[in-house]
Amino acid sequence: RRLFLGADGRTLYALAHPLRFTDDGRRVAGEYCLQVFDLEARKLKSSIPLGYDVLDAVVDEARGRVITLDRHARALDIRSLAEGSRLDRIAVGGEADPTFSSELFMLAISPGGRQIYVLQIGLQARLFVVDAWSGASGAVPLGGEIYVRDAAVSPDGGTLYLLALG
């Protein structure tokens, strides 16, 4: 679903959602994971479990963390890149916010890892800017219906680029 190339150019991170039958064999389920590939050896190095409710993820390799957006908790989970354990949780939006939809979201991260951008897509399209160090966040309306396909942050962190339809 999402790919992230490591700074060394030899590591590839892939957000994956492998499916398997449950132990009773009656249904198919799958926990999201971050697969870590060694491109030189052409092999899977590890698979880090992230949970069942992941909407999107970004890798902050320099700080050894992966940031996931939890579908039901309306929160960013800051996780260890080594084993996936949750280090912190930061609320996004608000519990009483009726326009907070859990269906269409995308994450981006500034080069320094301090700002995390949470893009809400739909009729009430908004951009949440979250300070990963303090937990403070604010919403910026994007105006109209916008369907973001991808996002990137400039190297200096001053510009967020959106590839959008609509």
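Residues numbered from 1 in each chain as written. Predicted model: local features only at pLDDT ≥ 70, side-chain atom pairs only at ≥ 80, totals over all residues. Heavy atoms only, no water.

1. Considerations on the side chain of Arg79
Step number 1: Mapped onto the fold, Arg79 is located in strand 9 (residues 75–80).
Step number 2: Within the structure, the side chain of Arg79 is placed 3.1 Å from the backbone oxygen of Leu50, a separation counted as a polar contact.
Step number 3: There is a polar contact of 3.4 Å between the side chain of Arg79 and the side chain of Thr68.
Step number 4: Once residues lying within four places of it in the same chain are set aside, the contact partners of Arg79 are Leu50, Gly64, Arg65, Val66, Thr68, Gly84, Ser85, Arg86 and Leu87. (Helix = DSSP H or I, 4+ residues; strand = E, 2+ residues; numbered from the N terminus. Polar contact = N/O pair within 3.5 Å; in protein donor to acceptor, adjacent residues only side chain to side chain. Contact = heavy atoms within 4.5 Å.)

2. Looking at the pattern of salt bridges
Step number 1: Here the structure, examined in full by the defined rule, presents 10 salt bridges.
Step number 2: Across the pair Asp77 and Arg79 runs a salt bridge whose closest N-O atoms are separated by 3.6 Å. Arg79 matches Asp77 in its accessibility class, with the two residues each being buried.
Step number 3: We note a salt bridge from Arg114 to Asp131, for which the minimum N-O separation is 2.8 Å. Of the two residues, Arg114 sits in the loop between strand 11 (105–109) and strand 12 (115–120) while Asp131 sits in strand 13 (residues 126–131), which places them 17 residues apart along the sequence.
Step number 4: On the basis of relative accessible area, Arg114 is assigned to the partly exposed category, the value being 32%.
Step number 5: Taken together, the salt bridges that share partners define one network made up of Asp70, Asp77, Arg79, Arg86 and Arg89. (Salt bridge = Lys/Arg side-chain N within 4 Å of Asp/Glu carboxyl O. Buried < 20%, exposed > 50% of the residue type's maximum accessible area, 1.4 Å probe, protein only.)

3. What to know about the side chain of Asp60
Step number 1: Structurally, Asp60 is set in strand 7 (residues 54–60).
Step number 2: Engagement of the side chain of Asp60 in a polar contact is seen with the side chain of Arg65, the distance being 2.5 Å.
Step number 3: If we skip the residues at most four places from it in the chain, Asp60 touches Arg65, Ile67, Ile109 and Gly113.

4. Notes on the sheet that holds strand 10 (residues 86–91)
Step number 1: Taken in spatial order, the 4 strands of this open sheet run 7-8-9-10, and their pairing is antiparallel. Edge strands, defined here as strands with exactly one partner in the open sheet, are strand 7 and strand 10. Averaged over all pairs of adjacent strands, the angle between strand axes in this sheet comes to 20°, irrespective of strand direction.
Step number 2: With 6 bridges connecting them, strand 8 (residues 65–70) and strand 9 associate as antiparallel partners. Its bridge partner lying in strand 9, Leu69 is registered against Leu76. (Pairing = 2+ DSSP bridges. Axes fitted to C-alpha atoms, helices over the stretch in contact; angles between N-to-C directions.)

5. Examining the environment of Arg71
Step number 1: Here Arg71 shows up in the loop between strand 8 and strand 9.
Step number 2: On the basis of relative accessible area, Arg71 is assigned to the partly exposed category, the value being 22%.

6. Observations regarding the layout of surface pockets
Step number 1: Put simply, the largest pocket is a space of about 430 Å³.
Step number 2: Lining the largest pocket are 20 residues, with Phe4, Leu5, Val58, Val59 and Ile109 sitting closest to its centre.
Step number 3: Elements with a minimum of two residues in the lining of the largest pocket: strand 1 (2–5), strand 7, strand 11 and strand 15 (147–153).
Step number 4: Classifying every residue of the lining of the largest pocket by side-chain character gives 14 nonpolar, 2 polar and 4 charged. (1 Å grid on protein atoms, 1.4 Å probe; cavity = no way out; pocket = protein on both sides within 12 Å on 5 of 7 lines; lining within 4 Å. Points joined across faces, edges and corners; volume = space filled by probe spheres on them. Nonpolar A, V, L, I, M, F, W, Y, C, P; charged D, E, K, R; others polar.)

7. A few points about the sheet that holds strand 2 (residues 11–16)
Step number 1: The strand order across the open sheet built from 4 strands is 1-2-5-6, with neighbouring strands paired in antiparallel fashion. At either end of the open sheet lies a strand with only one pairing partner, and these are strand 1 and strand 6 (43–51). Pairwise comparison of adjacent strand axes, ignoring direction, gives a mean angle of 20° for this sheet.
Step number 2: Pairing of strand 5 (residues 32–38) with strand 6 involves 7 bridges; the strand directions are antiparallel. Within strand 6, the position partnered with Tyr32 by the bridge is Gly51.

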